[in-house]
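Coordinate analysis (summary)
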Amino acid sequence: MALLGMVWTNLMRNKLRTILTWLSVFVALFLFVLLHGITDTLTESTKVGSERRLVTRNKISLVFPLPLSQYEKIKSMPGVAAVTWSNWFGGTDPVKPNDFYARFAVDGKTYFPMYASDAYIVQASPANGATSPSGVDPKLAAFFADRTACVVGEKLFLSHKWKLGQTIHLTGTIYPGAWPFVIRAVYRSKVRAFGEETMFFHWDYLYERSNRQAQVGIYTFSPADPSQAAAIGKRVDAMFENSEAATHTETERAFSAGFVSMWGNIPFVIRVIGLAVAFSIFLVAAVTMMMAIRERTNEFAVLKTLGFEDGAIFAVVLLEAGVLTLSAGLAGSLLAKFLLEKSGLPLPGFSTMIVHWETVALGLGLAVLMGLVSGILPAWQASRLRIVDALRKVG
Amino acid sequence: MAIPLGYNIRSAIGRPWATLATAFGIGMVVAILVLALALASGFQAAVVSTGSPNNVIVLRKGADSELSSGIGRDQANIIKSLPDIAPGADGRPLASPELLVLINQERKQGKGTSNVTIRGVDSEGLALRDGIKIYEGRDVAPGAAELIVGKRIADRFEGFGIGQQVKLEQRMFTVVGHFSAGGSGFESEVWGQNAVFMPVLREDFQSVTFRMKDPARFAAIKKQLEADPRLGVDVKRESEYYSDLAGPLATTMRILGVFIVLIMAVGALFAAMNTMFASIGARSREIATMLTLGFGKGSILLAFLVESVLIALLGGIIGCLLALPVNGTATSTTNFSTFSEIAFAFQITPVALGIGMLFALGLGVVGGLLPAWKASRQPLAAAMRAM
């Protein structure tokens, strides 16, 4: 305890320097965790979607559609429990063209039951006597009663200050024209992987309004026995191999991982920057720490004269560095984690961010390492000091 | 009276490690700033240089990129008959209706998959674009199931070597050539012929691009085409179309870059102030001596400010030198505006280096001001007592 007291007194001796060093380490770790958080968020988005569901897309690429005729064929395949389909709508807000969120045309009566484990309806327009198809959440009755209806994520709903029953207007990009949609229900996610910033509407509406041009973007299906997923996927692809639209089937998780791999080496660049930041600040902090010790050479000589052991001096100096970097690192890493998870970054796709605890731990590890490395040389010097040499330097 | 510059230079050299560490800290900030700017300008250059201001691109009304567009053969013929289109060497209008699809392809070295743009062009397609050069192999033979592959795709993706076969729908295509396009986005594409693609891939075109006889008439051409009830199209200059596509991602890169650099600058600033304070603290008696000798407070302030700026500028130079080797390094990502792979190179411009040096200068001034002010305000008696 006496040692800690000395460490504290030493830190308070030049408050300005302590504060400046603390702040620079704090900023370095804040930035390190922030940058790692971006890659964490990307990695986390590879885990969107489950291993228990399969996604079938056109073999050439996602951009090519699939014919609806494949629905019955997949559904009647032995071992397939349920099938649904969806299609990317695109579209822009004519007033705010940069207001981007995902919009999907889905087959409601099969889609919502498929994702019942991932999301649930929190608000919905009154049913007014209408009913949902069997097996679908009864709260969606108003959605099914209205062909132009849509369901939106709660986050999206709140951030746009929408109301139930409100009509939103979109301009089609893939499917030309003006598209009005009426908000009939709001969903909330049960799992983080199922985003809350998506809009779903009736595929039938898309089909009719596009003069029956619209097809299927992807089929999502669940095998009765999840351990058979890979085998069933292969059978589906084999069935369509020589048809007008050959397919590629993979788990939903692999499907979303494909999107992340599209970022190329950008995540790598970000990680390198994070390390460079931590390293450069670390270097400066180490030098400051050494200067702080050198200034106190004669104090250490006095302590030694008073009978302090070499080991105790070593510990005091090392602890001083460690306490400083660890506390600054802890504050910086935690602030980055909570700030990011609460408010995200002002960038498209990063409004919700995830920072793993592993990243915070990595940051803290770096802080400890920083303290050790920058403290060890001055600590060693201070402990090896010969009293005569040191005192000779006094005045 | 001013304190000689030599004093500051020798002081800085006298504490080499502290000086170098501070300079290095500032250097890292400058390096990352320069690289962030280089990344964004490299990306923008690649995408924007894809389009020419003398060319016009026609898309279906409301389509935000070629991918979501569709133009029928009849409409393409109407557009091609426009008298404003410049004639080519053979007297035919320099216009190319183009078909566009994406194929999902493996990157080399197991780095995942990405979408590669396949573009079908008419024979005018090459003549329309400046700087397209086949550097290996040959151009496609008319009517043959052959492809030419952009340099960036040939380098980065599996299966596009000359002589290799690529399966599109049910038909095999042979890669016969590799082309470069002056670093533009076309280098991230694979080209073939409409006539061969159409029966296999899709029934409509995605865009029509043509060269204007008189680029000054763009506004009139746009008005005429967009008003034509048979068409239902949006008309843009090709250059404007591509810069719109680059916009969102380039902005993201810049925001992220500036954001990182600003936070980092704060950290470096604290560190620079720290070393400057320490270096001044260790020199109280020198400062007291100078004050006693009759140097004014102003000259002391200036001297230490200059010292801080010198260290920061050294840092700026270190930063620029650290960043320079990255110039030209190619990287790639997906431009989500087109949903396809785009490769580009870090492009370190003199402007980026200039901004980096200015930034270093700013850090030096801001970081040095407080310590220098403190040095000049040192009470003489206290400073002398330190002796």
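Residues numbered from 1 in each chain as written. Chains lettered and ligands numbered in written order. Predicted model: local features only at pLDDT ≥ 70, side-chain atom pairs only at ≥ 80, totals over all residues.

**Focus on the overall build of chain B**
For chain B, the helix and strand inventory stands at twelve helices and twelve strands. The globule rule puts the C-alpha radius of gyration for 387 residues at 21 Å, and the 30 Å found for chain B is more than 25% above it. Residue burial in chain B is summarised as follows: out of 387 residues, 54% are buried. In chain B, the share of contacts with a sequence separation of at least 24, taken over all contacts with a separation of at least 6, comes to 83%. (Helix = DSSP H or I, 4+ residues; strand = E, 2+ residues; numbered from the N terminus. Rg over C-alpha atoms; globule rule 2.2 N^0.38 Å. Buried ≥ 20, exposed ≤ 12 C-beta atoms within 10 Å, placed from the backbone. Contact = placed C-beta atoms within 7 Å.)

**Things to note about the overall build of chain A**
Looking only at helices and strands, one finds 14 helices and ten strands in chain A. Relative to the 2.2 N^0.38 estimate, which gives 21 Å for 395 residues, the radius of gyration of chain A is 30 Å and therefore markedly larger than a compact globule would have. A principal-axis box enclosing the C-alpha atoms of chain A has dimensions of 95 × 45 × 35 Å. Each of the 395 residues in chain A was classed as buried or not, and the buried ones make up 42%. Considering only residue pairs separated by 6 or more positions, chain A has 80% of its internal contacts joining residues 24 or more positions apart.

**Considering the interface of chain B and chain A**
Each partner contributes to the interface: chain B provides 46 residues, whereas chain A provides 42 residues. Counting only elements with at least two residues in the side of chain B that touches chain A, the list comes to α2 (16–48), β2 (95–106), β3 (113–121), α8 (238–281) and β11 (330–335) of chain B. Sort the elements by how many residues they give to the side of chain B that touches chain A and α8 of chain B lands first, with 16 residues. A class-by-class count of the residues in the side of chain B that touches chain A yields 25 nonpolar, 17 polar and four charged. (Nonpolar A, V, L, I, M, F, W, Y, C, P; charged D, E, K, R; others polar.)

**Thoughts on the confidence of the model for chain B**
All names here are of chain B. Averaged over all residues, the pLDDT of chain B equals 83, while 98% of them reach at least 70. The secondary-structure element of chain B with the lowest mean pLDDT is helix α12 (residues 380–385), recorded at 68, while strand β5 (residues 146–150) shows the highest, at 89. Both scores are given for the predicted complex: the pTM is 0.75, the ipTM 0.73. (pLDDT = per-residue confidence, 0-100.)

**Side note on the confidence of the model for chain A**
Regions with low pLDDT should not have their predicted coordinates read in detail. Scored by pLDDT, chain A has a mean of 82; 95% of the residues are at 70 or more. The element-level mean pLDDT for chain A is lowest in helix α14 (residues 387–392) of chain A, coming to 70, with strand β8 (residues 198–202) of chain A highest at 92.

**Quick word on the domain arrangement of chain A**
Per the domain assignment, the segments making up chain A are domain 1 (2–46 + 264–392) and domain 2 (60–245). A separation of 49 Å is found between the C-alpha centroids of domain 1 of chain A and domain 2 of chain A. (Domains from an automatic or database assignment.)

**Structural notes on the domain arrangement of chain B**
Residue and element names in this part refer to chain B. Under the domain assignment used here, chain B contains domain 1 (5–48 + 245–385) and domain 2 (55–211). Taken over C-alpha atoms, the centre of domain 1 sits 46 Å from the centre of domain 2. Every contact between the two is made by 14 residues of domain 1 and, on the other side, 14 residues of domain 2. Per-element tally for the side of domain 1 that touches domain 2: the top contributor is strand β12 (residues 340–345), with five residues.

**Thoughts on the environment of Cys150 of chain A**
All names here are of chain A. Relative to the assigned elements, Cys150 resides in strand β5 (residues 149–153). Given 24 C-beta atoms within a 10 Å radius, Cys150 is considered buried. Beyond its immediate sequence surroundings of up to four residues, Cys150 is in contact with Phe181, Val182, Ile183, Arg184, Met199, Phe200 and Phe201.

**Brief notes about the nonpolar core**
Judged by nonpolar contacts, the single largest core of 184 residues is most densely connected at Ile32 and Val34 of chain B. Per-element accounting of this core gives the leading share, 23 residues, to α2 of chain B. Val34 of chain B has contacts with Gly319, Cys320, Ala323, Ile348, Ala352, Leu353 and Gly356 of chain B, leaving out every residue within four places of it along the chain. Judged by nonpolar contacts, the second largest core, of 48 residues, contains Leu54, Val186, Val216 and Ile232 of chain A. (Core = buried A, V, L, I, M, F, W, Y, C linked by C-beta atoms within 7 Å.)

**Observations regarding the pairing of β12 of chain B**
All names here are of chain B. Counting buried residues in β12 gives six out of six residues, a clear majority hidden from the surface. Here β11 runs beside β12; their pairing, made up of six bridges, is antiparallel. Note on β12: the bridge partner recorded for Thr334 is Glu341. Counting the residues that bridge the hairpin from β11 to β12 gives four residues, and of these Phe339 lies at a positive phi of roughly 65°. (Pairing = 2+ DSSP bridges.)

**Some words on helix α11 (residues 297–305) of chain A**
Residue and element names in this part refer to chain A. Within α11, the full set of buried residues consists of Phe300, Ala301 and Lys304. In an axial view of α11, the angular spread of the buried residues amounts to 105°, which keeps them on one side of the axis. Directly beyond the C-terminal end of α11, a positive phi value near 110° is found at Gly307. (Arc of directions from axis to C-beta.)

**Let's talk about the environment of Gly371 of chain A**
Residue and element names in this part refer to chain A. The residue Gly371 is located in helix α13 (residues 357–384) in this model. In sequence terms Gly371 and Ala321 are 50 residues apart; their C-alpha atoms lie 5.0 Å from each other. Once residues within four sequence positions are removed from consideration, Gly371 is found in contact with Ala321, Gly322, Leu324, Thr325 and Leu326.

**Considering the packing of helix α2 (residues 15–45) of chain A against α13 of chain A**
Residues and elements named next belong to chain A. In contact at an axis separation of 9 Å, α2 and α13 are set at 150° when each is read in the N-to-C sense. Between α2 and α13, the crossing angle belongs to the class labelled roughly antiparallel. The crossing of α2 and α13 is right-handed. Side by side, α2 and α13 meet where Val25, Leu29, Phe32, Val33, His36, Gly37 and Asp40 of the first sit next to Thr359, Val360, Leu362, Gly363, Leu366, Ala367 and Met370 of the second. When grouped by side-chain class, the residues that make up the contact of α2 with α13 number nine nonpolar, four polar and one charged. (Axes fitted to C-alpha atoms, helices over the stretch in contact; angles between N-to-C directions. Parallel < 35°, antiparallel > 145°, perpendicular 65-115°, else oblique. Left-handed = near helix turned anticlockwise from the far one by under 90°.)

**Considerations on unusual backbone geometry**
The phi dihedral of Lys161 of chain A falls on the positive side, at around 55°, and the residue is not glycine. Take Lys161 of chain A: there are 7 C-beta atoms within 10 Å of it, and that puts it in the exposed class.

**Here we look at the pairing of strand β2 (residues 80–88) of chain A**
All names here are of chain A. Across six bridges, the pairing between β2 and strand β9 (residues 218–223) is antiparallel. The residue of β9 that forms the bridge with Thr84 is Thr220. In this sheet, strand β3 (residues 102–106) lies alongside β2 in antiparallel orientation, the contact comprising three bridges. Its bridge partner being in β3, Asn87 is matched across the sheet by Ala105.

**Some thoughts on the packing of α2 of chain B against helix α10 (residues 297–323) of chain B**
All names here are of chain B. Their axes nearest at 6 Å, the elements α2 and α10 cross at an angle of 50°. It follows from the interaxial angle that α2 and α10 lie oblique. The two elements α2 and α10 cross, and the hand of that crossing is right-handed. Judged by residue contacts, Thr19, Thr22, Ala23, Phe24, Ile26, Gly27, Met28, Val29, Val30, Ala31, Val34 and Leu35 of α2 engage Ile311, Ala312, Leu314, Gly315, Gly316, Ile318, Gly319, Cys320, Leu322 and Ala323 from α10.

**Brief notes about the environment of Thr349 of chain B**
Looking at the secondary structure, you find Thr349 of chain B in the loop between β12 and α11 (350–376). Through-space distance from the C-alpha of Thr349 of chain B to that of Ile32 of chain B is 14 Å; in sequence the pair is 317 residues apart.

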